[in-house]
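# Topology and contacts: notes
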Amino acid sequence: MNPTLSLSPGPGAAQETLKVRGACPHDCPDTCSLLTTVENGIALKVQGNPDHAQTGGVLCTKVSRYTERSYHPERILQPLKRVGPKGAGRFEPVSWEAALDEIADRLQTIASRNPEAIVPYSYAGTMGLVQSESMAARFFNHLGASLLDRTICSAAGGEAVTQTLGGKVGMKVEFFAESQLIIIWGSNSIASNLHFWRYVQEAKRQGARVVCIDPRKTETAEKCHEHIALRPGTDAALALGLMHELIVNDWLDHDYIDQHTVGWAALKERALGWPPERAAQVCGVPMEQIKALARDYGNTQPAAIRLNYGMQRVRGGGNAARAIACLPALTGAWRQRAGGLLLSSSGMFPVNKAALQRPDLLAGRWPRTINMSTIGNDLLKDSSPAFGPKIEALIVYNSNPVAVAPESGQVVRGFEREDLFTVVLEHFQTDTADYADFILPATTQLEHWDIHTAYGHTDVLLNRPAIAALGQAWPNTAIFRALAARMGFTDPCFADDDETLCRTAFSHPDGDKINFQELLDQGFATLPVPDAPFANGHFPTPSGKCEFFSARLAAQGLDGLPDHIPNYETAGSSSDFPLAMISPPARNFLNSSFVNVKSLRDIEGEPLLEIHADDAAARGIVSGAVVRVFNQRGEYRCKAKVSARARPGVVHGLGVWWRKLGLDGSNVNQLTSQHLTDLGRGPVFYDCLVEVQLDSAASL
Ligand code: SF4
């Protein structure tokens, strides 16, 4: 039976025009409320819901093209089985029955030897709680497969705010509109946090000053009053330099520090070692800029920091985020609702993960954990006592690791292994799908149920299916349900349908934490979060205070205080590779999603490397020239764009392009490393030295 039939097919079959409420599934803080216009079962357009304040009726360009993505002629709409060599991308259609039978059979055989040889690989291809880790987690838990450490985006920053503030908690985003000083730190908000930018504009109209801290002169930096273009990986030095100035000028809220923080004396001593001269030298910015920002931050109320994840993709990213997260407690900025800091609001949602994911199905087993950021190395490891069994099967869903995981030369070598059994649940034949043994067609957000939290606001959203599943596509849940049935998993939890899973997400033994009827009626529901959650302390840390000093980190043998930890690949440390490279997202892509949507790819054009005029001139490079970008890990060819967005010594490889669309079938991750961050074991995409040369062969 096709399990999609057990789902409510949605109202798409009605012979009339309907507007169906949904939620944007993409990895973006804004989690917009969608309205899909459906006529005779066809989705005509997707718009922002004007009734949802955080969306305000506006979507980004990417998702306003969502129908183009869902009805894309290259959608995978039937199960496919590999017929060519791995990576060649040659497949033949196969029935669901045959595909599921063979997959279940292979997994059963491997599991009978050691289920930990099976690895799930997934991330934020959808942020929905149901189509990500609900039925999938139940399936892998029951199986006893390896666990996956989902570190690839936010692990260092998440761990940093957890150690400092107690969780992924912070200001309510709407109150940035009332701030008088906004520091946008490590974020191109116009490209990747558009709805926050609306609040910034409102604050600007009320006279707020807006400062952007980012190595790249982004669209956002251009529109701020000031741009501090620091070297990649020096954010902690800047934060400590700011602290130094706050201390020596006594721009501090002593009462707040006394009552609501831990470790002040030690932090003070640490920060006094960072006079602005030293910070300026490390960051590569004028000392006066640091002093002026400290003066503004210490004397403006309310002052708010919008921190984002770009800055934590370096060796010391966790410490940097910790140092920045200490700043609002020093000045007492948390006292006002328009003051404080926001990195992520995701920790404010009372999700019942245990009910959704059922870790009890592990039944006392504790499988090894694979870090998704080192999948390149791990796929190439043999069995050993330290590593455990060699990885024999990889089930990929909501992710495209061949394009997005670091050091992709290694990743590709791993995926090429003939003895690796790879199943990919996908909408399109991505770089990863090219290496699959089976590709299983997954539904898009227009075709399934889901429920969403957010990491940029505090509303819960429900996604109803707007149209019936296209072709033979199934929701991820249905695929794992069907595999569970074939593998003889009889726990009743595998019979839960998707609407039940949506209801489960916020159900707790002491009562539901969200009114599900409200979600059904209006598509969203707002969490009851206080306006100024830390005005009187009450941080969700063990001490209940903002922890400048973290006893938990110290107990792990780590520095209990934040510090500047230089990059693995520090600018200026290599004569062979003199340029620092960061790889920020291209504005019209979202990670590697949307790269194959023609209207968006036409806007982006082609893979580009932004380079400063001085660095370009020194190498004889002009805009449009094909360049070789290389380091000890590999080489990537693309076109150069001489650009004022780049500071001298830093180049920008905009991502994340699909490898197969690049000049040589590779992308910028050919150059990134598998080193890990100081906290959270995350990747260090922006801690990468390269050299750039004109490709003389291409220029002839
Ligand atoms: S990607 Fe972000 S801004 Fe765009 S529709 Fe989705 S949530 Fe909204």
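Every residue gets a number counted from 1 within its own chain, in the order that chain's sequence is written. Owing to the predicted nature of the model, reporting of local features is limited to residues with pLDDT of at least 70; listing and counting of side-chain atom pairs is limited to 80 or more, with chain, interface and lining totals taken over all residues. The side-chain quantities take in all heavy atoms of the structure and omit both hydrogens and water.

### So, the side chain of glutamine 131
Inclusion rule: Numbering of helices and strands runs from the N terminus, with a helix taken as a DSSP run of H or I at least four residues long and a strand as a DSSP run of E at least two residues long. Partly exposed residues are those whose accessible area sits between 20% and 50% of the maximum for their type, while under 20% is buried and over 50% is exposed, using a 1.4 Å probe and protein chains only. We call two residues in contact when some of their heavy atoms are within 4.5 Å.
Summarising the element assignment, glutamine 131 is placed in the loop between strand E6 (118-122) and helix H4 (135-143). The buried category is assigned to glutamine 131, whose relative accessible area is 1%. Excluding residues that lie within four positions of it along the chain, glutamine 131 makes contacts with Thr126, Asn398, His448, Trp449, Asp450, Pro475, Asn476, Thr477 and Asp498.

### Notes on the environment of arginine 587
By the secondary structure assignment, arginine 587 is in the loop between strand E22 (579-582) and helix H23 (598-604). Taking C-alpha positions, arginine 587 is 9.3 Å from threonine 61, a pair spaced 526 residues apart along the chain. Beyond its immediate chain neighbours, meaning those up to four positions away, arginine 587 contacts Lys62, Ile190, Ala191, Glu219 and Glu604.

### Observations regarding the packing of aromatic side chains
Test applied: Only rings of Phe, Tyr and Trp enter the pairing, Trp through its six-membered ring, and a pair is recorded when the two centres are within 6.5 Å. The plane angle decides the type: under 30 degrees is stacked, over 60 is edge-to-face, the rest tilted. For a lysine, the NZ atom is tested; for an arginine, the CZ atom; a charge sits over a ring if that atom is within 6 Å of the ring centre and within 35 degrees of the ring normal.
What the rule picks out here adds up to 17 aromatic pairs. Between phenylalanine 140 and phenylalanine 480 the ring centres are 5.5 Å apart and the planes differ by 65°, which places this aromatic pair in the edge-to-face class. Here phenylalanine 480 lies in helix H19 (residues 476-486) and phenylalanine 140 lies in helix H4, a separation of 340 residues in the sequence. Here phenylalanine 480 falls in the buried class, since its relative accessible area comes to 1%. Aromatic ring contacts, followed pair by pair, group Phe139, Phe140, Tyr397, Phe480, Phe489 and Phe494 into a single cluster. Its guanidinium or amino end placed over the ring of phenylalanine 387, arginine 368 lies 4.7 Å from that ring's centre, counting from NZ or CZ.

### Things to note about the state of the cysteines
As a reminder of what qualifies: In this description, a disulfide is simply a cysteine sulfur pair whose atoms lie within 2.5 Å.
Counted according to the given criterion, the structure contains zero disulfides. Looking at cysteine 212, it has no disulfide partner, and the nearest cysteine sulfur is the one in cysteine 224, 4.8 Å off. The class of cysteine 212 is buried, set by a relative accessible area of 0%. Residue class for cysteine 224 comes out buried when judged on its relative accessible area of 10%.

### Remarks on the site of the ligand
Heads up, the condition is: Whether a residue is near a molecule or strand depends on its heavy atoms: if one lies within 4 Å, it is near. Ten residue types, Ala, Val, Leu, Ile, Met, Phe, Trp, Tyr, Cys and Pro, are classed as nonpolar, four, Asp, Glu, Lys and Arg, as charged, and the remainder, Gly among them, as polar.
In the vicinity of the ligand, the contacting residues are Cys24, Cys28, Asp30, Thr31, Cys32, Leu59, Cys60, Val63, His195 and Leu590. Partitioned by chemical class, the residues of the shell around the ligand number seven nonpolar, two polar and one charged.

### Overview of the pattern of salt bridges
To keep things clear, this is the line we draw: Think of a salt bridge as a Lys or Arg side-chain nitrogen and an Asp or Glu carboxyl oxygen that are within 4 Å of each other.
Scanning the entire structure with this criterion turns up 39 salt bridges. When the shortest N-O distance is used, the salt bridge between lysine 381 and aspartate 378 registers 2.9 Å. Taking relative accessible area as the criterion, aspartate 378 reaches 5% and is therefore assigned buried. Arginine 619 serves as the salt-bridge partner of glutamate 691, at 2.9 Å between the closest nitrogen and oxygen. Linking glutamate 691 in strand E27 (residues 689-694) with arginine 619 in the loop between helix H24 (613-618) and strand E24 (626-631), this pair joins segments that are 72 residues apart in sequence. Within this structure, Arg82, Lys86, Glu418 and Asp437 form a network of salt bridges that share partners.

### As for the sheet that holds strand E3 (residues 42-48)
Short version of the rule: One bridge is not enough; two strands pair if DSSP finds at least two bridges between them. Every axis in this analysis is a line fitted to C-alpha atoms, fitted for helices over the stretch in contact. Angles between the N-to-C directions lie between 0 and 180 degrees.
In spatial order, the strands read E1-E2-E3; together these three strands make up an open sheet with antiparallel pairing. Unpaired on one side and paired on the other, strand E1 (17-23) and E3 mark the two borders of the sheet. Going from strand to strand, the sheet's axes swing by 25° on average, the running direction of each strand aside.

### Topic: the sheet that holds strand E16 (residues 421-426)
Backbone hydrogen bonds hold the strands of a sheet together, and the pairing may be parallel or antiparallel. The strand order across the open sheet built from six strands is E5-E4-E17-E16-E15-E6, with neighbouring strands paired in mixed fashion. What marks the edges here is a single partner per strand, and that holds for strand E5 (91-93) and E6. Across the sheet, the mean angle separating the axes of adjacent strands is 20° when strand polarity is ignored. Pairing of E16 with strand E17 (residues 438-441) involves four bridges; the strand directions are parallel.

### Things to note about the nonpolar core
Considering soluble globular proteins, one finds that nonpolar side chains tend to be buried as a cluster. So the rule is basically this: Among buried residues, the Ala, Val, Leu, Ile, Met, Phe, Trp, Tyr and Cys ones that are joined through side-chain atoms within 4.5 Å form a nonpolar core.
One finds Phe139, Trp185, Leu327 and Ile451 to be the most contacted residues of the largest nonpolar core, which totals 140 residues. Beyond its immediate stretch of four places on either side in the chain, phenylalanine 139 contacts Leu107, Phe480, Leu483, Ala484, Met487, Phe489 and Phe494. With 41 residues, the next largest nonpolar core counts Val119, Ala403, Ala405 and Phe685 among its residues.

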